[in-house]
Amino acid sequence: MNTEREEMQTESRPKYVTLPSEEAVAAERARLQYQKKYRQTLRTTVYALIVVAAAAVIMATIFFPVLKVSGSSMEPTLSDEDVILLFKNSDFETGDLIGFYYQNKLLLKRVIAGPGDVVDIDKEGNVYVNEEIIDEPYVTEKSLGETDLDYPYQVPENRYFVMGDNRSTSIDSRSSAIGCIETDQIVGKVVVRIWPLKQLSILW
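First things first, this report covers the structure right here in the doc. (Residues numbered from 1 in each chain as written. Predicted model: local features only at pLDDT ≥ 70, side-chain atom pairs only at ≥ 80, totals over all residues. Heavy atoms only, no water.)

1. Re the nonpolar core
- Grouped together as the largest cluster of nonpolar side chains are 14 residues, with contacts concentrated most on Ile112, Ala113, Val119, Val127, Val155, Phe161 and Met163.
- Residue assignment for this core shows that the elements contributing at least two residues are strand S4 (105–113), strand S5 (118–121), strand S6 (127–129) and strand S9 (159–163).
- Ignoring anything within four residues of it in the chain, the contact list for Ile112 reads Thr94, Val127, Val129, Ile134, Glu136, Tyr138, Phe161, Val162, Met163 and Arg167.
- Leu78, Leu86, Val187 and Val190 belong to the second-largest nonpolar core, a separate cluster that totals 11 residues. (Core = buried A, V, L, I, M, F, W, Y, C linked by side-chain atoms within 4.5 Å. Buried < 20%, exposed > 50% of the residue type's maximum accessible area, 1.4 Å probe, protein only. Helix = DSSP H or I, 4+ residues; strand = E, 2+ residues; numbered from the N terminus. Contact = heavy atoms within 4.5 Å.)

Right, dumping it as structure tokens:
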């Protein structure tokens, strides 16, 4: 009986809870504040990355399309697999590199002459615009190339006469198969090569 009474008395005694020290409370408060700040920072960073990615996609779609070069028609200026950036605009001059749509493909060529200009090409591949030979430092080997036009040839209104830098292999405005490019076909002007990185360069 005494033992049972003692056990009952022991169970009825108040149990004391050990309170954490001020240092422990402060440490726990700091930990919770850090977690809250970390979550806020992480959320803000994720939102910022989403906004930047969306802006980049919009910029690339509307203003700066990215294009991967395919083929050798623009050698030596551009090579197969190069990645370039275009700038959408409607102001083109002789010597500008442009991208344009042709039969659901995006091609790259160089502007030689604009609307109303008269183009002539001799057998050696020298190009004349309005009876003046044009300087073409980007061409390493001149060639008349594949052509079925009668020269001198006048560029129609709202069109551009374009040629590839690799004159012997490029199929361009010298052939009636492609002809002169309408303004509406042009996507924009090539401004920079971004890949490969070792050849990063401004092409404007």
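2. A few points about the pattern of salt bridges
- Under the definition given, this model contains seven salt bridges.
- Among the salt bridges present, the one from Lys68 reaches Glu81, with a minimum N-O distance of 2.9 Å. Taken together, the positions of Lys68 in strand S1 (residues 66–68) and Glu81 in the loop between S1 and strand S2 (83–87) put the pair 13 residues apart, joining distant regions of the chain.
- Where Lys189 meets Asp96, a salt bridge forms, and the shortest distance between an N and an O atom there is 3.3 Å. Of this pair, Lys189 sits in strand S11 (residues 186–195) while Asp96 sits in the loop between S2 and strand S3 (97–102), and the two are 93 residues apart along the sequence. Here the two residues Lys189 and Asp96 agree in accessibility, since each one is buried. (Salt bridge = Lys/Arg side-chain N within 4 Å of Asp/Glu carboxyl O.)

3. A few points about a nonpolar patch on the surface
- There is a patch of nonpolar side chains on the surface, built from Val66, Ile194, Trp195, Leu197 and Leu200 and spanning about 500 Å² of accessible area.
- With respect to the element layout, Ile194 can be found in strand S11.
- A relative accessible area of 30% places Ile194 in the partly exposed class. (Patch = residues over 30% accessible without salt bridge, like charges linked within 9 Å, V, L, I, M, F, W, Y side chains within 5 Å. Areas by Shrake-Rupley, 256 points an atom, 1.4 Å probe, with all protein chains shown as cover.)

4. Focus: the sheet that holds strand S7 (residues 132–133)
- The four strands are arranged S7-S6-S5-S8 in an open sheet whose pairing can be described as antiparallel. The sheet is open, and its two edges are formed by S7 and strand S8 (153–154), each paired on a single side.
- Across two bridges, the pairing between S5 and S8 is antiparallel. Along S8, the bridge assignment pairs Val119 with Tyr153. (Pairing = 2+ DSSP bridges.)

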